[in-house]
Structures are given as structure tokens and as C-alpha cells.
4 protein chains.
Amino acid sequence: MIDIQSSESLSSFAIDRVGVTGLKYPFIFRDIETGIEQPTVGAWTISVALPQERRGTHMSRLIERLHEQSQQAWTLDLLYQWAETLAAPLDAQLVDIKVEFTVFRTVYAPQSQKPSFLEHPMVFQVQTGPKPQKIMIVDTFVKTLCPCSKAISERGAHNQRSLIRAHLLYPVDSQEVSFHALAQLVESCASSPVYPILKRADEKYVTEQAYDHPGFVEDVVRSVAQKVVGLEGLKGFTIEVTNYESIHAHDCFARVTWQSPRHPDVNVSG
Amino acid sequence: MIDIQSSESLSSFAIDRVGVTGLKYPFIFRDIETGIEQPTVGAWTISVALPQERRGTHMSRLIERLHEQSQQAWTLDLLYQWAETLAAPLDAQLVDIKVEFTVFRTVYAPQSQKPSFLEHPMVFQVQTGPKPQKIMIVDTFVKTLCPCSKAISERGAHNQRSLIRAHLLYPVDSQEVSFHALAQLVESCASSPVYPILKRADEKYVTEQAYDHPGFVEDVVRSVAQKVVGLEGLKGFTIEVTNYESIHAHDCFARVTWQSPRHPDVNVSG
Amino acid sequence: MIDIQSSESLSSFAIDRVGVTGLKYPFIFRDIETGIEQPTVGAWTISVALPQERRGTHMSRLIERLHEQSQQAWTLDLLYQWAETLAAPLDAQLVDIKVEFTVFRTVYAPQSQKPSFLEHPMVFQVQTGPKPQKIMIVDTFVKTLCPCSKAISERGAHNQRSLIRAHLLYPVDSQEVSFHALAQLVESCASSPVYPILKRADEKYVTEQAYDHPGFVEDVVRSVAQKVVGLEGLKGFTIEVTNYESIHAHDCFARVTWQSPRHPDVNVSG
Amino acid sequence: MIDIQSSESLSSFAIDRVGVTGLKYPFIFRDIETGIEQPTVGAWTISVALPQERRGTHMSRLIERLHEQSQQAWTLDLLYQWAETLAAPLDAQLVDIKVEFTVFRTVYAPQSQKPSFLEHPMVFQVQTGPKPQKIMIVDTFVKTLCPCSKAISERGAHNQRSLIRAHLLYPVDSQEVSFHALAQLVESCASSPVYPILKRADEKYVTEQAYDHPGFVEDVVRSVAQKVVGLEGLKGFTIEVTNYESIHAHDCFARVTWQSPRHPDVNVSG
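Residues numbered from 1 in each chain as written. Chains lettered and ligands numbered in written order. Predicted model: local features only at pLDDT ≥ 70, side-chain atom pairs only at ≥ 80, totals over all residues. Heavy atoms only, no water.

J.: Is there a simple way to think about the relation of the copies chain B and chain C in this case?
T.: The operation linking the two copies of the chain is a rotation about an axis combined with a translation along the axis. At an RMSD of 0.0 Å, chain B and chain C line up after a rotation of 180° and a shift of 0.0 Å along the axis. Look at the turn and shift together and you get a two-fold axis relating the two. Of all interface residues in chain B, 98% are interface residues in chain C too; the two copies therefore contact each other through one and the same surface. (Least-squares fit on C-alpha atoms with pLDDT ≥ 70 in both. Contact = heavy atoms within 4.5 Å.)

J.: Quick question: what am I supposed to make of the relation of the copies chain A and chain C here?
T.: Superposition record for chain A on chain C: RMSD 0.0 Å, screw rotation 180°, translation along axis 0.0 Å. An overlap of 100% is found between the interface residues of chain A and their copies at the interface of chain C, pointing to a shared contact surface.

J.: Help me out: how do you make sense of the interface of chain A and chain C in this one?
T.: In many analyses, interface size is given as the accessible surface area lost on bringing the parts together. Tallying the contact residues gives 31 residues for chain A and 31 residues for chain C. Buried area between chain A and chain C, both sides added, is near 2,800 Å², and the carbon and sulfur share of it is 64%. When the area that chain A buries against chain C is broken down by residue, the three leading residues are A:M1, A:F117 and A:R200, summing to 21%. One salt bridge connects A:D3 with C:R200, and the closest N-O pair in it is separated by 3.4 Å. Linking chain A with chain C are 10 residue pairs in polar contact (both at pLDDT 80 or more). Looking at the side of chain A that touches chain C, the elements that each hand over two or more residues are strand 1 (15–30), strand 2 (37–50), helix 1 (59–68), strand 4 (95–108), strand 5 (115–127) and helix 5 (200–212) of chain A. Residue contributions to the side of chain A that touches chain C peak at 5 residues, all from helix 1 of chain A. For the side of chain A that touches chain C, the per-class residue count stands at 14 nonpolar, 8 polar and 9 charged. (Buried area = accessible area lost by both parts, 1.4 Å probe. Salt bridge = Lys/Arg side-chain N within 4 Å of Asp/Glu carboxyl O. Polar contact = N/O pair within 3.5 Å; in protein donor to acceptor, adjacent residues only side chain to side chain. Helix = DSSP H or I, 4+ residues; strand = E, 2+ residues; numbered from the N terminus. Nonpolar A, V, L, I, M, F, W, Y, C, P; charged D, E, K, R; others polar.)

J.: Looking at this structure, how should I read the nonpolar core?
T.: If you look at soluble globular proteins, the nonpolar side chains tend to sit buried side by side. Residues B:W44, B:L168, C:W44 and C:L168 are the most contacted members of the largest nonpolar core, which totals 134 residues. If we ignore the near neighbours within four places in the chain, the residues touching C:L168 are C:K134, C:I135, C:M136, C:V177, C:L182, C:V228, C:L231, C:L234, C:G236 and C:F237. (Core = buried A, V, L, I, M, F, W, Y, C linked by side-chain atoms within 4.5 Å. Buried < 20%, exposed > 50% of the residue type's maximum accessible area, 1.4 Å probe, protein only.)

J.: Before we go on, may I ask you to explain the packing of helix 4 (residues 179–187) of chain A against helix 6 (residues 217–228) of chain A in this structure?
T.: Two packed helices can be described by the angle between their axes and the distance between those axes. Residue and element names in this part refer to chain A. It is the contact of helix 4 with helix 6, at a shortest axis distance of 9 Å, that shows an interaxial angle of 140°. Considered as vectors, helix 4 and helix 6 are oriented oblique to each other. With respect to the hand of their crossing, helix 4 and helix 6 are arranged in right-handed fashion. Judged by residue contacts, L182, L185 and V186 of helix 4 engage V224, K227 and V228 from helix 6. Counted by class, the contact of helix 4 with helix 6 contains 5 nonpolar, no polar and 1 charged residues. (Axes fitted to C-alpha atoms, helices over the stretch in contact; angles between N-to-C directions. Parallel < 35°, antiparallel > 145°, perpendicular 65-115°, else oblique. Left-handed = near helix turned anticlockwise from the far one by under 90°.)

J.: How should I be thinking about unusual backbone geometry in this particular structure?
T.: Phi is mostly negative for residues that are not glycine, and the peptide bonds are mostly trans. Here A:Q113, not a glycine, exhibits a phi torsion of approximately 65°, which is positive. By the element assignment, A:Q113 lies in the loop between strand 4 and strand 5. Here A:Q113 falls in the partly exposed class, since its relative accessible area comes to 44%. Of note in the backbone geometry, C:D91 takes a positive phi value of approximately 55° without being a glycine. As for its position among the elements, C:D91 is in the loop between helix 2 (76–86) and strand 4 (95–108).

J.: It is not clear to me how the environment of A:F253 should be interpreted in this structure. Could you clarify?
T.: Residue and element names in this part refer to chain A. Summarising the element assignment, F253 is placed in strand 10 (residues 251–259). Judged by relative accessible area, F253 falls into the buried class, the value being 5%. With 35 residues separating them along the chain, F253 and E218 place their C-alpha atoms 8.0 Å apart.

J.: Help me understand the environment of B:Q209, please; the structure alone is not making it clear to me.
T.: Residues and elements named next belong to chain B. On the secondary structure map, Q209 appears in helix 5 (residues 200–212). Given a relative accessible area of 24%, Q209 falls into the partly exposed group. When near neighbours in sequence (up to four residues on either side) are disregarded, Q209 contacts S191 and S192.

J.: What should I look at first to understand the interface of chain B and chain C in this one?
T.: Contact with chain B, which involves 54 residues of that partner, is made by 53 residues of chain C. Contact between chain B and chain C buries roughly 4,100 Å² in total, counting both sides, with carbon and sulfur atoms accounting for 61%. Linking chain B with chain C are 2 salt bridges, by the criterion used here. Of the charged contacts in the structure, one is a salt bridge between C:D219 and B:R55, with a shortest N-O distance of 2.6 Å. Our enumeration of links across chain B and chain C arrives at 26 residue pairs in polar contact (both at pLDDT 80 or more). At the level of secondary structure, the elements contributing two or more residues to the side of chain B that touches chain C comprise strand 1 (15–30), strand 2 (37–50), helix 1 (59–68), helix 3 (147–152), helix 6 (217–228) and strand 10 (251–259) of chain B. With 9 residues, strand 1 of chain B is the single largest residue contributor to the side of chain B that touches chain C. Residues of the side of chain B that touches chain C, tallied by class, amount to 29 nonpolar, 16 polar and 9 charged. Here strand 10 of chain B runs beside strand 1 (residues 15–30) of chain C; their pairing, made up of 5 bridges, is antiparallel. Opposite B:C252, over in strand 1 of chain C, you have C:V20 as the bridge partner. (Pairing = 2+ DSSP bridges.)

J.: Explain the side chain of C:H120 to me, please; I cannot follow it from the model alone.
T.: All names here are of chain C. Relative to the helices and strands, H120 is located in strand 5 (residues 115–127). A relative accessible area of 0% means that H120 is categorised as buried. Among the polar contacts made by the side chain of H120, one reaches the side chain of R105 at a distance of 3.0 Å. Contacts of H120, omitting those with residues within four sequence positions, involve F101, T102, V103, R105, V138, D139, T140, F179 and A183.

J.: Explanation requested: the packing of aromatic side chains in the structure shown.
T.: For any two aromatic rings, the description comes down to two numbers: the centre-to-centre distance and the angle of the planes. Under the defined criterion, the tally for this structure stands at 48 aromatic pairs over all chains. With a centroid separation of 5.2 Å and an interplanar angle of 45°, the aromatic rings of D:W74 and D:W82 are classed as tilted. When its relative accessible area of 2% is taken as the criterion, D:W74 is described as buried. Using a relative accessible area of 8% as the deciding quantity, one classes D:W82 as buried. Ring pairs connect the aromatic residues A:F27, A:F29, A:W44, A:F101, A:F124 and A:F179, which therefore count as one cluster. Across from the ring centre of B:Y211, 4.6 Å away, lies the NZ or CZ of B:K150, which sits over that ring. (Phe/Tyr/Trp six-rings, centres within 6.5 Å; stacked < 30°, edge-to-face > 60°. Lys NZ or Arg CZ within 6 Å of the ring centre and 35° of its normal.)

J.: Could you clarify how one ought to interpret the side chain of A:E119 in this entry?
T.: With respect to the secondary-structure elements, A:E119 resides in strand 5. For the buried A:E119, no salt bridge exists, and the shortest N-O distance to an oppositely charged side chain is 4.0 Å, to C:K24. Setting aside its immediate chain neighbours within four residues, A:E119 contacts A:T102, A:V103, A:F104, A:F141, B:A249, C:G22 and C:K24. (Lys, Arg positive; Asp, Glu negative; His and termini not counted.)

J.: Would you explain the pattern of salt bridges in this entry?
T.: Two side chains bearing opposite charge may form a pair once their charged atoms approach each other closely. All chains considered together, the criterion is met by 69 salt bridges over all chains. Of the charged contacts in the structure, one is a salt bridge between A:R17 and A:D96, with a shortest N-O distance of 2.7 Å. Of this pair, A:R17 sits in strand 1 while A:D96 sits in strand 4, and the two are 79 residues apart along the sequence. Taking the relative accessible area as the measure of exposure, A:R17 reaches 11% and is therefore buried. Looking at A:D96, the relative accessible area reads 7%, which means it is buried. Two residues, C:R161 and D:D251, come together in a salt bridge whose shortest N-O distance is 2.7 Å. One end of the pair, C:R161, is in strand 7 (residues 159–170); the other, D:D251, is in strand 10 (residues 251–259), on a second chain. Under the relative-accessibility criterion, C:R161 is labelled buried at 9%. Each of A:E154, A:R155, B:K204, B:E208 and B:D212 takes part in salt bridges that share partners, so that together they form one network.

J.: Quick question: what am I supposed to make of the confidence of the model for chain A here?
T.: Caution is warranted with low-pLDDT regions, since their predicted coordinates should not be read in detail. Chain-level pLDDT for chain A is 94 on average; 97% of the residues reach the 70-or-more range. Scored by ipTM, the complex comes to 0.94, with pTM at 0.96. (pLDDT = per-residue confidence, 0-100.)

J.: Any chance you could explain helix 2 (residues 76–86) of chain B here in plain terms?
T.: Residues spaced three or four apart along an α-helix point in a common direction, a consequence of the helix completing one turn every 3.6 residues. What helix 2 of chain B keeps buried is the set B:L76, B:L79, B:Y80, B:W82, B:A83 and B:L86. Projected down its long axis, helix 2 of chain B shows its buried positions confined to an angular sector of 165°, all on one face. (Arc of directions from axis to C-beta.)

J.: Could you clarify how one ought to interpret the state of the cysteines in this entry?
T.: Cysteine pairs can be covalently joined through their sulfur atoms, and such a bond is termed a disulfide. Within this structure, the stated rule accounts for 0 disulfides over all chains. In this structure A:C189 is not part of a disulfide, and its nearest cysteine sulfur, from A:C146, lies 18 Å away. Considering cysteine sulfurs only, B:C148 is the nearest to B:C146, which forms no disulfide, with 5.1 Å between them. (Disulfide = S-S within 2.5 Å.)

So this is what it looks like as C-alpha cells:
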């Protein structure tokens, strides 16, 4: 049967990325610290770079390789190592894999100590080739309380759910931070963590805790950046905080990007 | 050219609705109170009921009819009247039209009186045929503050952005309420309205106003229901309030449905 | 500590539903046919009806009960049984639980027999109380090819990805159909199934299969309805087919609703 | 009243961007070619860079400035010019404005010449400061037909709706291309345009046209790139094509990025 994809291209353009996207496929997350495995659902993008002279790629091969790994539990580093082994069978100079998934972290209500599972949307992205890199994105929901509102009001202060996105860029030879450790670090910069289960004593605690620790979106993003910059092995990061403002129908956000002086080439885009 | 859609169906099933959906087309909203016209973007669903013996409908005709009305500004009633005129040309016993759009309402910051435009997602839905009805849905963003948190905490109280959805069902011969009037009525049941622009004096006002008017999601939904039930001409309604909880990563909601004793047949589904 | 939620309500409105929504929590799906368990991520809505005289519900209890069931694998019936046990501890006359999740089904490419996992978005919804019911929604992606385009064109025919949503309503004492069996039944009504992995021989097969089995959105929805009506134990159903039209930027859809003559009271809303 | 935002920051981090996002506000699009104005709904992000020593920005000022421009119709260049005037009143070295909106283009069915409005999601983004730039993103829905499927199958060929995103980067002193011209250029690279209204003769035409002009996602992205590279005044671009595959439940995509040799510093990120 004719293989058109393998025919020659007359275009003067190489293709930066070509592949599959929006592919829902099982994903098993392995906690790098504890080794505990968490089966979840991945939304995969698997792509390659295509040189100027090649007309097309064989998309089915991307998913065949993924299917063979159905039982694999992934850390960021294992995903990178696997991507490296794919270049040859996919006849590609560069393999780019991104998987978005949700993991759960056990949290304990601050007074009753009731346990529950808090969701964290996450992303693993790895890229082989001449500029190899590994990216881990961890989303953490928190509570923020406005310092201005507190300072100018005789009672109360507006507060809201916020999302803190930590986008961490690693060189190939560094190991990523544990998502548990990162989430705790991030939460410590907000007015308060959030919890699925709060009994009344916990609600009182969280309310007062938030009131006692106000922070602008600018304060929180800087505080997270200050802590993340101390993590080992990073090439760079982007921290973005979004406040789902309780006094507006729109959101506020702030973003800080940093690149390690030891990796001046890095291109960090949040 | 052969017309397969018009051929006979051998199926024993009539089709409740068949048509187009997800169709982005211009929509001009006419304020029923002031007559002011607001051009916006509609996401249209236009469908008909198809009797058992007919194989298919001619989808293109639905959009041709819509295109002819490009310059029309719509109230809910005008949309219903137009739907009635479509039944014959579309050879349908029942026409069902739904359009989702966003309108803006001028609001004034409570102290500085700074004007700004607040978004309201809305829906118009009309259905002709044996059970004719007109539905208007208006979404209003507000602020709610938790009475429990306020009562048990020594300082502060958690609060958040909330969405109040009013789903109003009208008989064919009633006129819908002005969306301005409805939005103000809805806002008055929350801890505070929200505003795009708030200067510091306004922020102080909103913070204290919310602190002084706490309300559970249950309180707010009942308060809105109590006011909406007094509107003229309604067959029924569903009010739903969703709190984007600032102490959780999930939301809370409450829903009240009511049907007029004068329209006992009505099926209100939120 | 004061318990405001338990205080009396002065409102004249009972609350149809109040609870939590948008709660991401682990969900283990148990295949009713094979017993195989599939861990996945649930988006939960857990709510109760609140009588007129009660001011509020205790939301944290809903999640505490859910957390206790973390190790449970769920069929629709097990979820219903659990909901029934919740009414007393939640002090509610009616418990309504809805969970949305994605499961995977192994499919085999039609010629190469290459296995892969096909995603199926699903919903389980159970409601206790005076009108108890169980709902299972299964989404199946398929391919449809237009009979009109085929008939009038000298070569080719437009075709597209379609989504078939089967919304099945069960009485309390019936067992739901296996989602595998349902998915195969649904796929057999389309122009062709879709597959994550297709080698060239498979692609040829699927292309010709679809060309030989054209179907309007009206044909497909009726064909599915005709087969689903033969399933055992149903109270009613809604079948909805949406075509992501390849010749338009909008979609087409058709919907058929049916209620069993043995359950004339049923209110099926898709 | 105390102005906390204006106080000093002790952080060692400057903030790349801080501002409002998800703000729905009216937007009037002015066609650069015809001058015709199209009122639509914008989703705005307005942000500034904040130096290390400043604690916070005054978010309300961003929206006050926007509100003053309610009657303004915008080209990309007018938006840039306005952004430049904002730096001083916002006390910011850099202003970054992004607005997402939907516009409509009149298209004519290829045989019947029936007119209808086709939606185009668009983005305008402008950035002042040391690296000023203007970005225009235009999304165009088209139809693509698979050359492999056509070549290996005895009849038919799978085809689908596709989305072509053209992300064009302009230097400050260049004028953007007309979105009409760009959309036509993009459509000419697909197997066929799509249309809201197609009568049977049109459907036949589109079906055969697509069958006669097959193209892989790789072919289409290269073809668009080849044409876009000839547009005047560009600093760079990213073209991305996404096929909503009719034989899969997932999508395929390809992306080409180009930077002008006259602007070697440019950082184009799709």
C-alpha cells in the first residue's frame, strides 16, 4: 500500500511540531518522594519535529508506543528517558511529549485533622533534541485576603479562591521536586490553604488565619518566587497567581519569571 | 438533484429536536424597558421537531431564515413571534430556538460613582407548538459572605464571588421583566454587588457592606426566589446560586424551583 | 460553637437541592459485566433537598461520607445503595449524587487488530426519596458520513467525528447495561467506529466502511433509539447525536426521547 | 485613606506582569481595509510590569482607562498607540494588552452564492516598552481531506473540520494585514472553506472540491506558511493547524514558526 507520508516534501519549511493532541489516555503518576502510584487520566500531546525534506509523520506510531507503556508509572524523569528512546523508532530528531492530569494530595483540616483529598492539576512536558528540557507544572488552589481591604475597612476584608501555577523548568540531569513539597511551599505563601473538608472549628481557624495573613496577588507571587528560587537544580521558572476576585466578576493575576544565571540560554515561557 | 432528506422514514421514532447548534451569529439585544439596542455575539441552537414519517430536515433553511434577520434587534417576545412564523416555511410543527449571549449593564461604584460595564451572560429560549413557552435566563455575579464564618470567628469572615442564575419561564402572552430590573433585584439579595471599577473608598464600602449582610447559599437562593415570585406573568422559575468558595477548591450551590398555581402543567427544569 | 445552619428558616421556600459541586475526587469505576475496576477522576455533585423549615445543610458532612468510601469501586447500583444510606446521617429526605468521569475501553483496529484505549466520558446520577431513579450517561465518539453528500457528489462524501450521548434512566430495582455492550451497540449505528490507533490497512477499511454506511444525524439517532429501546429494565432514555460538521464551523444535532409505557410518570430530560 | 499598593517592596523580584484578566468588556473591531466597524464582546487582559521596588499596582485604573475608550473602534495599531499613552498615567514602564473576540466575515456559498456570516475568533495583543510588539491572531475554520485515505481507499476519503490559527507578529511601525485577506489566503490552503449556509448544489461542490484537493495537516500548515511569509512587514509568525479527525476521538496538529531575518531577536511563541 502506498506510503504518502514518507514521500518527499517540496516545501521550504521544516515543521516545528507535528503529532496528536487532545488524546485522553490512562496516566499513572509516581510520586518521586514516596514512590506511591496514582492512576489518573492523561490528556496527551505527543509530537515530533519534521525536517524540511520529509512530507509527513506516522501519527499511529506515536500512540502505539504510548500504548506499550500502559503499565508504566511516570515521574518527570522517566517520561524524559522514554522520550529519548522514541526518537529513533519515530525517525525524529526531536520528541516533545506533554501530558496534563489531575492528582490528589491528602490534606488535614487544621483543627479537626479530618483528612481529605485536594485536587492538583499538573502537567509534565519533556523535549529531547538539541535543546532538551523537562517541565513540571503544578496548580495549587489557595485562599488570599486583600491587605488593602483589611487596612481601610472597619470590619471584614474581601478574600477569594486563588490559583497558584508553578511552572518549573529543569535541565535533563536534574530531578524534579516532590509535588507534595512544592504544594506545601506554595500554600505557605498564601493567606491560607484550602481544604475539601472543614468542620466549624476548622472554618474559624482558616478565617482567622487568612485575616491575619493578608497578601496582594503581587505579594503572593513574589513570596512563592522567593521560595521556589531556592529549590535545587532548576534552570528557570514562571510563577503565576490568579485571584478569582470576590468584589469583581473578573480576575486579577501576577506573574514572575526567573532564569538561572547558570543557564542563561533558557527560554522560560509561562 | 435528489432530495434525500425529504424521503420517507421507516423508523418508529419521531425526533424531538433536530437542527443546528454551536452556531456563532450576530445577535442584537433590545432592552425591553429602554429600547436601547446592544449588538453582541450569539451562540445559536435552532431546531425543529420531526414527525415519525419524515426522514430529515433541511438544516440550511434554518440559517437562511436567521440570516434574513441580521438587522433585527430582539426582545424575548420578538424572538417568539419570529419562531411562530418559521413553522410553516420549515414545514415543522414545532420550532425551538435558543440563543446564548453576553450583555453589559452600566453600574456605578457605590461611593465614587465611577461608571463601568458589568457583564451578564444571558439566554433567550422560545418554543412554539402544542406547549409553547418563552424562557429568559439571566446570570448575575455577586459577592456572598458566610454567616457561619462571621459568627464563629473573632475577626474576618470568608467571602467569595457567586453566580446567581435566574431561569424565568413565561407563557406566550406575558412580557418578560427588564434584565436591568431583574439584575438589581438579584443583587439586592446578595451580601454585595460586584463592580468592574472600585476605588479605595468603594472597596471599603463593599467590604463593610458584605460583612454586614452575610448570607448562606441557601439564604440567598430563598431571598431571590421570594422576590422573583412577585414578578408579573411568570409560569414558573428556577433560581440557582453557586458560590466559588474561597475556603475550598470546589463550589457550593443551592436551587429553588417554583411553578405558578395558575400553570400547574408547567415543567420547569433548571 | 454556634450552629447557624441548624437554625430555623423563616422562608416559605423549600430548597430543591443544596450541596457541593465541581468537587474533583477519586472515582473507581467497576464494570458491571466483568467486575474489572478502573480508577479514574470524578467530578462530583452531592446534594440534598432541604425542607422549608431548615435554614441550612452541613456541606462538610457530604464530603466526609464520600471520603470514607475512597476504596469503594462503583457500579450505578452500588452508588444508589450508598446514597440511600446517606439520607439519615445527612438528615435529608432526598439525596442526589452525580459523578462525571472518563473510562477507557479497549478497542481493536479492524484489520491490524492493534489494541488501544478509547475514551468514554460517562455520568452516574442517583436520586433517592419519593421519586427514586438511577441515570447512566455514556458518550461514544463515532464517525458519520452524509448520505446526501454521497448521493449528489461524483466523488467523495463529507464525513466527520460525531458524539452519541446515551442517557439511560433506570428504576431502582433494575440493573444498568454494561457500558461495553452499550458502546458496541451505539457504534454499530454510526457510519464507522473511531479508534486511537489505525494502521494504513485499517484506515482504508474505516474509510470504505463509512462510505458504504452513510447516515444523517436523524438516521443515526433513530437507529440508536431503536436498539436501546430493546434493553432490559429501562424506564426511559434520551439519545442525542452531535455531528461536528466538516463542511461547517457549527454542529448539527438530533435528539430522541422515550419513556416506557410501564413507567408513564417518568420525566426524561436530556 | 492609606495606599498600601504604593508602599515599598522588600522583595528581590520584579513582577513581569500584573493586572486584570477574564474581563468581559465591549470591543469594537475596525476593519483595517474597509473601515467598517463591528461591535463585539472582548475578553480583556490588561497588565503592566512592576519594578522590584514597588509593592503593587492600582488595578482599577486599568479599567477606568478602558472605560473611557468605550466608543473607540480598534485596529491593532490603534490599540498599540493607546497602550503607549497609558504607560505614564499607569506609572508603568511596560503595558501589555490582550483582547480576545469573535468577528464575522460575509462568505458566499460557492454555487448558490447565498451569503452568510462565518465566525472568526481573533486576538489583538500589544506590548509597549523596551521590546515593543503587536500580535494579531486569526482563527479560520476549514475542511481538510486526507491524501493517504484517498490514495489507499477504493471509494471515499476521510475528511474533517480543521482550525487554522495564524499568529502574526508585527514591529511597531508595520500595519497588520486585513483579516479578510488573511482568511481568504488561509482558506485557499485547505481542502475547502466551510460555510454556514450550503444548499445542495453547494454541498456537491464542496464535497468534490475537497476530494480534489486533499492535504495532510503537514501540507496545510506548510502551504499557509509559504503564503504568509510573503505578507508585508512581518517580524515573524506561528501557523498552527488542528484537525478534528473524523476517524479518531483525538486531534492531529502541526505547527510552523518563522522569524524574519531582519528581526533576528524576535521570540515567536505560538
